[in-house]
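Residues per chain, in single letters:
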Amino acid sequence: LEFRRVLFASQEEPQLVDLTLRKFKYEGDVDMASRLVAKTSGVKKTMEVAEMHASKAIKAVDSFPPARGKYAEVCRDALRHLANSVVTRRT
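Residues numbered from 1 in each chain as written. Predicted model: local features only at pLDDT ≥ 70, side-chain atom pairs only at ≥ 80, totals over all residues. Heavy atoms only, no water.

### So, the packing of helix H4 (residues 42–62) against helix H5 (residues 72–88)
Thought 1: At a closest axis distance of 9 Å, the pairing of H4 and H5 adopts a crossing angle of 175 degrees. Relative to H5, the element H4 is oriented roughly antiparallel. Across from Met47, Ala50, Glu51, Ala54, Ala57, Ile58, Val61 and Asp62 in H4, the residues of H5 making contact are Arg76, Leu79, Arg80, Ala83, Asn84 and Val87.
Thought 2: In terms of residue class, the contact of H4 with H5 is made up of nine nonpolar, one polar and four charged. (Axes fitted to C-alpha atoms, helices over the stretch in contact; angles between N-to-C directions. Helix = DSSP H or I, 4+ residues; strand = E, 2+ residues; numbered from the N terminus. Parallel < 35°, antiparallel > 145°, perpendicular 65-115°, else oblique. Contact = heavy atoms within 4.5 Å. Nonpolar A, V, L, I, M, F, W, Y, C, P; charged D, E, K, R; others polar.)

Below, the structure written as structure tokens:
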């Protein structure tokens, strides 16, 4: 389970707080937490936050002063790609 998803989902499913505090120590805790997270907007909220940060990162790259180095634009493109790939990857 990804912490951010559980954190957002626990706002809608308080039972996730109990599962987390006891560190999922009982059999079935992880499965129950997965089911609870799946029925909330935790995944959606996590994606929204990730997309916001990726957008800010790309804007920051775009605000760099003009580059003089031979590979500067390649590096900037790589940073933009990295920001996008973090958001679009599937686990």
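### Thoughts on unusual backbone geometry
Thought 1: Unusually for a residue other than glycine, lysine 23 sits at a positive phi of about 60 degrees.
Thought 2: Tracing the backbone through its elements, the reader meets lysine 23 in the loop between helix H2 (15–21) and helix H3 (29–38).
Thought 3: Since its relative accessible area comes to 68%, lysine 23 is described here as exposed.
Thought 4: Residue phenylalanine 24 is not a glycine yet carries a positive backbone phi of 50 degrees.
Thought 5: Taking relative accessible area as the criterion, phenylalanine 24 reaches 25% and is therefore assigned partly exposed. (Buried < 20%, exposed > 50% of the residue type's maximum accessible area, 1.4 Å probe, protein only.)

### Focus: the pattern of salt bridges
Thought 1: Considering all chains together, one arrives at nine salt bridges under this definition.
Thought 2: Measuring nitrogen to oxygen at the nearest pair gives 3.8 Å for the salt bridge that ties glutamate 12 to lysine 45. With glutamate 12 in the loop between helix H1 (3–9) and H2 and lysine 45 in helix H4, this residue pair connects regions lying 33 residues apart in the sequence.
Thought 3: Arginine 80 serves as the salt-bridge partner of aspartate 62, at 2.8 Å between the closest nitrogen and oxygen. In this pair, aspartate 62 is assigned in helix H4 and arginine 80 in helix H5, connecting sequence segments 18 residues apart.
Thought 4: Overall, aspartate 62 belongs to the partly exposed group, its relative accessible area being 47%.
Thought 5: The network of salt bridges with common partners includes Asp62, Glu73, Asp77 and Arg80. (Salt bridge = Lys/Arg side-chain N within 4 Å of Asp/Glu carboxyl O.)

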